[in-house]
Amino acid sequence: MSLTPELLLHGYSIGIFPMAEHRDDPELFWVDPKFRGVFPLDGFHISRSLARRIRKCGFTISINRDFAGVVDGCADRADTWINAELRDLYQQLHLAGRAHSLEVWDEGTLVGGVYGVALGAAFFGESMFSRRKDASKIALAYLIDRLRQTGFRLFDTQFLTAHLASLGAIEISRTQYRVELEEAINASADFEAKLSQSAEGVIQRITQTS
């Protein structure tokens, strides 16, 4: 199928999302899981070791500084569902202010990040990557803190992996997901709002709500 950014957003709004079998497959298909992975915004599990890592790693965090670099980092693996068409579509959504990235930098080098699509107060997490120890966990911590502070109500992770479950993600039914989705997309949030996201502040806010 041939997708447009508008059709892609419509798919998210009704609870489905596109994938390719692999990076070289030109065909896309819609996915509508029976059970959906979501991240409760007050349920991130931050261990003592991760909190210590956030405090001492020296990483710099940014948003929307290198969206294309984050997408490419997520696709830089042996098996990926991000083909050229999806990469282009996400870039178009980013330029339209509908897709966002959060980057983790180590002395100017992009070492981790996460990206996703925003619709109302719903954030659809697409993928994340890590080139340093715990970089993806740190990206998730900062992302969840940002989503909470900027008014988001739903953080969709699509599928529940063991890694995400260990950090607090859960699985809900398709029916429950669509109820939460409708409520979220009819609310408003501002991913790009200016925030103070110091390491200590992120840790304190997450610890208080988890």
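Before going into details, it helps to say that this report is about the structure given with it.

Basis of the calculations
- Every chain is numbered on its own, with residues counted from 1 as its sequence reads.
- Confidence filtering applies because this is a predicted model: local features only for residues at pLDDT of at least 70, side-chain atom pairs given and counted only at 80 or more, and all residues used for totals across whole chains, interfaces and linings.
- Note that the side-chain values use all heavy atoms of the structure and ignore hydrogens as well as water.
- Labels follow the DSSP assignment, with helices taken as runs of H or I lasting at least four residues and strands as runs of E lasting at least two, numbered in each case from the N terminus.
- Here a helix's expected span is defined as the number of its residues, less one, multiplied by 1.5 Å.
- Note on exposure labels: buried denotes an accessible area under 20% of the residue type's maximum, exposed denotes more than 50%, and partly exposed covers the range between, all computed with a 1.4 Å probe on protein chains only.
- The arc in question is the one spanned by the directions pointing from the helix axis to the C-beta atoms.
- Our working definition of a disulfide is a cysteine sulfur pair at a distance within 2.5 Å.
- Note: two strands are recorded as paired if DSSP finds a minimum of 2 bridges between them.
- To obtain an axis, a line is fitted to C-alpha atoms, over the contacting stretch when the element is a helix, and the angle between two such axes runs from 0 to 180 degrees between their N-to-C directions.
- Residues are treated as being in contact if the distance between any of their heavy atoms lies within 4.5 Å.
- Buried Ala, Val, Leu, Ile, Met, Phe, Trp, Tyr and Cys residues form a nonpolar core when they are joined through side-chain atoms within 4.5 Å.
- Viewed with both strands pointing away, a crossover whose connecting path from the first strand over the helix to the second turns clockwise is right-handed.

Overview of helix H7 (residues 174-185)
With 12 residues, H7 extends 16 Å from end C-alpha to end C-alpha; this agrees with the ideal 16 Å at 1.5 Å per step. All of the buried residues in H7 are Tyr177, Leu181 and Ala184. End-on view of H7: buried residues confined to an arc of 65°, all on one side of the axis. Across H7 from its buried face, at more than 90 degrees, point the exposed residues Thr175 and Glu182.

Observations regarding the state of the cysteines
Counted according to the given criterion, the structure contains zero disulfides. Among the cysteines around Cys57, which has no disulfide bond, Cys74 carries the closest sulfur, lying 18 Å off. Assessed through its relative accessible area of 1%, Cys74 is described here as buried.

Regarding the sheet that holds strand E5 (residues 99-106)
Taken in spatial order, the seven strands line up as E4-E5-E6-E7-E8-E3-E9 in an open sheet, and their pairing is mixed. Of all the strands in the sheet, just strand E4 (60-63) and strand E9 (170-173) have a single pairing partner and so form its edges. Taken over all neighbouring pairs, the strand axes of this sheet differ in orientation by 35° on average, direction set aside. Each of E5, strand E6 (109-119) and strand E7 (122-130) touches helix H3 (residues 67-75); the most contacted strand, E6, lies at about 100° to it. Against the sheet, H7 makes contact with strand E3 (35-38), E6, E7, strand E8 (154-158) and E9, and its axis sits at roughly 95° relative to E9, the strand it touches most.

Topic: the nonpolar core
Of all hydrophobic cores here, the largest spans 35 residues; its most connected members are Tyr12, Tyr90, Tyr115, Val117 and Phe124. When residues of this core are traced back to their parent elements, those giving at least two are helix H1 (5-13), strand E1 (17-19), H3, helix H4 (84-95), E5, E6, E7 and H7. Discounting residues that sit within four places of it in the chain, Val117 has contacts with Leu9, Tyr12, Tyr90, Leu93, Arg98, Ala99, Ala122, Phe123 and Phe124. Membership of the second largest hydrophobic core comes to 34 residues, among which are Ile46, Ile54, Met128 and Tyr142.

A closer look at the pairing of E8
Along E8, five of the five residues are buried, which leaves the element largely enclosed by surrounding structure. Neither face of E8 is left uncovered, since the one carrying Leu154, Asp156 and Gln158 and the one carrying Phe155 and Thr157 both have all their residues buried. Sheet topology note: the E3/E8 ladder contains two bridges and is antiparallel. Across the sheet, residue Gly37 finds its bridge partner in E8, namely Gln158. Here E7 runs beside E8; their pairing, made up of three bridges, is parallel. Looking at E8, one finds that Phe124 is bridged to Asp156. Read from E7 through helix H5 (residues 135-149) to E8, the crossover connection turns out right-handed.

Describing unusual backbone geometry
Phi is positive for Asn64, which is not a glycine, with a value near 55°. By the secondary structure assignment, Asn64 is in the loop between E4 and H3. A relative accessible area of 18% means that Asn64 is categorised as buried. Within the chain, Asp134 stands out as a residue other than glycine whose phi angle is a positive 65°. Counting through the fold element by element, Asp134 comes out in the loop between E7 and H5.

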